[in-house]
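Below are the chains, spelled out letter by letter.
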Amino acid sequence: MAEPEPEITSAVKLCDSRGRLLAGSVGWSRHPLHICNVTGHPLRKKKWDYWCVTSDRCLFSVTLSNIDYMGLAFAYFLDFETRRFIEQTVMTPLGKGCVLPATVGENIAFRHRKLNLSFTREEGGNDAAESTASAGGAAGGTRSATRTRLRVESPDFGGVPFRADILVTRPEGHETLNVVIPWSRRRFQFTSKQNAMPAAGSVILGKETFTFAPGTAYACLDFGRGVWPYASFWNWASASGRTDGHVVGLNLGAGWTDGTGMTENGLTVDGRLTKLGEDVEFLYDPADFTRPWTIRTKGSDRVDLRFDPFFERVAKTDLLILRSEVHQLIGRFTGTVTAAGGLRVAVEGLIGWAEEHRARW
């Protein structure tokens with residue numbers, strides 16, 4: 001049997017002064033405790049903040065990333081009913097203007113004539129959103145509520161002006177999945193996957209307004225900081241929403257964590273995290289990603305899900321040293337997941353995504 005994954009319970013630095021992985025930082029935590037003091041390793045450092053907000057009608061996502069030799073800012077929007085999809089990407093040489101902090105929750109801003117974005121921490125709580133997030137599952141948590149405002153503006157987003165203003169609440173005590181993946185002392189990644197956070201706000205696309213209403217809209221944050229090998233592959237699945245009387249967040253991955261002794265697999269049910277130490281397998285047809293997927297834990301039935309896509313987003317980049325191909329499928333999850341204590345939750349039509357990503361970067 002594999003060794004148990006160590007749980008980290010106090011603040012820790014990710015790297016030593018030479019930018020090498022500290023052994024004491026390898027593990028997982030229920031709250032983001034790592035200080036990602038990544039330095040050195042020219043051209044190999046990868047940093048990003050990816051946000052995605054879903055409702056029963058639409059999806060909105062915005063990302064700022066810095067991959068050392070290039071900065072990338074992008075946003076995309078999908079209307080589920082009409083399948084209208086718009087995406088805009090801005091690239092900057094050597095990561096110009098893409099400044100990403102060492103810890104989760106700090107303010108971020110990017111300015112460009114085509115795309116402006118900001119992720120700003122705000123004081124105070126949102127009682128309505130917090131009460132919606134959990135029916136008491138986060139009781140006993142000691143972390144206070146925080147809020148992050150996502151703002152994005154573009155003068156030409158698929159031919160029309162675009163503006164998004166969405167407030168994301170991380171309720172008091174809400175637990176998240178935070179993991180260090182150790183390929184070696186020189187190659188490693190810290191990821192904070194934060195699902196099932198209540199969201200409220202709107203997206204204005206030309207003359208149309210799409211509302212993200214409390215109780216039906218949830219946000220996911222993927223915060224990544226690390227030093228990557230040149231070639232990489234991963235599968236990732238994520239979903240957030242209310243099902244079977246619970247607010248559920250799923251984060252499941254494979255490929256990039258194989259053989260490291262750590263996984264990025266976890267369930268959040270009513271604000272409480274269940275860390276899954278076992279691997280998850282993704283079964284799908286790479287010749288037709290839009291066919292149903294099966295996603296399940298290899299050694300048990302703790303995760304047993306069918307994923308039915310209704311939209312495929314394909315993002316390809318080929319810039320000599322940088323090659324990336326992502327097939328991100330938006331769809332609905334159905335099946336069962338089992339949280340700590342044996343709580344079995346029926347998943348019925350939970351909105352989320354599953355993807356395959358291959359990169360040389």
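Keep in mind that what you see is a predicted model, and the values were worked out from it rather than measured.

(A) Highlighting the overall build of the chain. Within the chain one finds one helix and 24 strands. For 361 residues, the compact-globule formula gives about 21 Å, and the C-alpha radius of gyration of the chain, at 19 Å, lands near that figure. Dimensions of the chain, computed from C-alpha atoms along their principal axes, come out at roughly 55 × 50 × 45 Å. Burial analysis of the chain (361 residues in total) assigns 56% to the buried set. Restricting the contact set of the chain to residue pairs at least 6 apart, pairs at least 24 apart contribute 60%. Accessible surface, the chain: about 14800 Å² in total, of which carbon and sulfur atoms supply 50%. With 43 positive and 40 negative side-chain charges, the chain shows a spacing of 7 Å between the two charge centroids.

(B) Up close: the nonpolar core. Grouped together as the largest cluster of nonpolar side chains are 45 residues, with contacts concentrated most on Leu14, Trp51, Phe60, Val152 and Val203. Of all the elements, strand E13 (residues 188–205) adds the most residues to this core, at six residues. The residues contacting phenylalanine 60, other than those within four sequence positions of it, are Trp51, Cys52, Val53, Ala75, Tyr76, Phe77, Val152, Phe162, Ala164, Ile166, Val203 and Phe212. Counting 30 residues, the second largest nonpolar core, distinct from the first, contains Trp28, Cys220, Trp236 and Met262.

(C) Structural detail: the layout of surface pockets. Here the largest pocket is characterised by a volume of approximately 700 Å³. Around the largest pocket sit 32 residues that line it, and Phe74, Trp234, Ser324, Val326 and His357 are the ones nearest its centre. When the residues that make up the lining of the largest pocket are grouped by side-chain class, the tally is 16 nonpolar, nine polar and seven charged.

(D) Representation of the sheet that holds strand E20 (residues 280–283). Read from one edge to the other, the open sheet built from nine strands follows the order E19-E18-E17-E16-E24-E23-E22-E21-E20, with strand pairing classed as antiparallel. The open sheet is flanked by strand E19 (272–276) and E20, the only strands paired with a single partner. For this sheet, the mean angle separating the axes of adjacent strands, direction not counted, is 20 degrees. Pairing analysis gives four bridges linking E20 to strand E21 (residues 293–297), with the strands arranged antiparallel. Residue pairing in the sheet places glutamate 281 in a bridge with arginine 296 of E21.

(E) Representation of the pattern of salt bridges in the model. This structure, assessed with the given rule, holds 23 salt bridges. Connected through salt bridges with shared partners, the residues Glu122, Arg147, Arg149, Arg151 and Asp165 form a single ionic network.

(F) Spatial organisation of the state of the cysteines. Inspection of every chain in the model, using the stated rule, returns zero disulfides. Cysteine 58 forms no disulfide, and the closest cysteine sulfur to it belongs to cysteine 52, at a distance of 10 Å. The cysteine cysteine 220 is free of any disulfide, with cysteine 52 supplying the nearest cysteine sulfur at 6.9 Å. Residue cysteine 220 is classed as buried on the basis of its relative accessible area, which comes to 2%.

(G) Quick peek at unusual backbone geometry. Located in the positive-phi region is aspartate 68, a residue other than glycine, with phi close to 80 degrees. Following the sequence through the fold, aspartate 68 ends up in the loop between strand E5 (58–66) and strand E6 (70–79). Phi is positive for aspartate 270, which is not a glycine, with a value near 50 degrees. Classification of aspartate 270 by relative accessible area gives buried; the value is 10%.

(H) Highlighting the packing of aromatic side chains. Taken as a whole, this structure holds 24 aromatic pairs when the rule is applied. Between phenylalanine 157 and phenylalanine 162 the ring centres are 4.2 Å apart and the planes differ by 25 degrees, which places this aromatic pair in the stacked class. Look at phenylalanine 157 and you get buried, because its relative accessible area is 0%. By way of ring pairs, the aromatic residues Trp48, Trp183, Trp228, Trp234, Trp256 and Trp361 are connected into one cluster.

(I) Quick look at empty space enclosed by the protein. Under the defined criterion, the tally for this structure stands at three cavities of 30 Å³ or more. In this structure, the largest cavity occupies an estimated 90 Å³ of space. Taken together, Asp49, Trp51, Val104, Gly105, Glu106, Ile108, Phe119, Thr120, Arg121, Thr148, Arg170 and Leu221 make up the full set of residues lining the largest cavity. When contributions to the lining of the largest cavity are tallied by element, the ones reaching two or more residues are strand E4 (45–54) and strand E9 (116–122).

(J) Region of the structure containing the pairing of strand E12 (residues 177–182). With six of its six residues buried, E12 lies for the most part within the structure. Judged by which residues are buried, E12 turns out to be covered on both faces: Leu177, Val179 and Ile181 on one side and Asn178, Val180 and Pro182 on the other are all buried. Of the pairings in the sheet, the one linking strand E2 (residues 28–29) to E12 comprises two bridges and is antiparallel in character. By the bridge assignment for E12, serine 29 is matched with asparagine 178. Taken together, the six bridges between E12 and E13 define a ladder with antiparallel strand orientation. Within E13, the position partnered with proline 182 by the bridge is phenylalanine 188. Counting the residues that bridge the hairpin from E12 to E13 gives five residues.

(K) Examining the environment of glutamate 355 more closely. Secondary-structure assignment places glutamate 355 in strand E24 (residues 344–360). Along the primary structure glutamate 355 and serine 238 are separated by 117 residues, whereas in three dimensions their C-alpha atoms are 9.3 Å apart. Apart from residues lying up to four places away in sequence, glutamate 355 is in contact with Trp234, Asn235, Trp236, Trp293, Val326, His327 and Gln328.

The rules we used
Residues numbered from 1 in each chain as written. Predicted model: local features only at pLDDT ≥ 70, side-chain atom pairs only at ≥ 80, totals over all residues. Heavy atoms only, no water. Helix = DSSP H or I, 4+ residues; strand = E, 2+ residues; numbered from the N terminus. Rg over C-alpha atoms; globule rule 2.2 N^0.38 Å. Buried < 20%, exposed > 50% of the residue type's maximum accessible area, 1.4 Å probe, protein only. Contact = heavy atoms within 4.5 Å. Areas by Shrake-Rupley, 256 points an atom, 1.4 Å probe, with all protein chains shown as cover. Lys, Arg positive; Asp, Glu negative; His and termini not counted. Charge placed at Lys NZ, Arg CZ, Asp CG, Glu CD. Core = buried A, V, L, I, M, F, W, Y, C linked by side-chain atoms within 4.5 Å. 1 Å grid on protein atoms, 1.4 Å probe; cavity = no way out; pocket = protein on both sides within 12 Å on 5 of 7 lines; lining within 4 Å. Points joined across faces, edges and corners; volume = space filled by probe spheres on them. Nonpolar A, V, L, I, M, F, W, Y, C, P; charged D, E, K, R; others polar. Pairing = 2+ DSSP bridges. Axes fitted to C-alpha atoms, helices over the stretch in contact; angles between N-to-C directions. Salt bridge = Lys/Arg side-chain N within 4 Å of Asp/Glu carboxyl O. Disulfide = S-S within 2.5 Å. Phe/Tyr/Trp six-rings, centres within 6.5 Å; stacked < 30°, edge-to-face > 60°.

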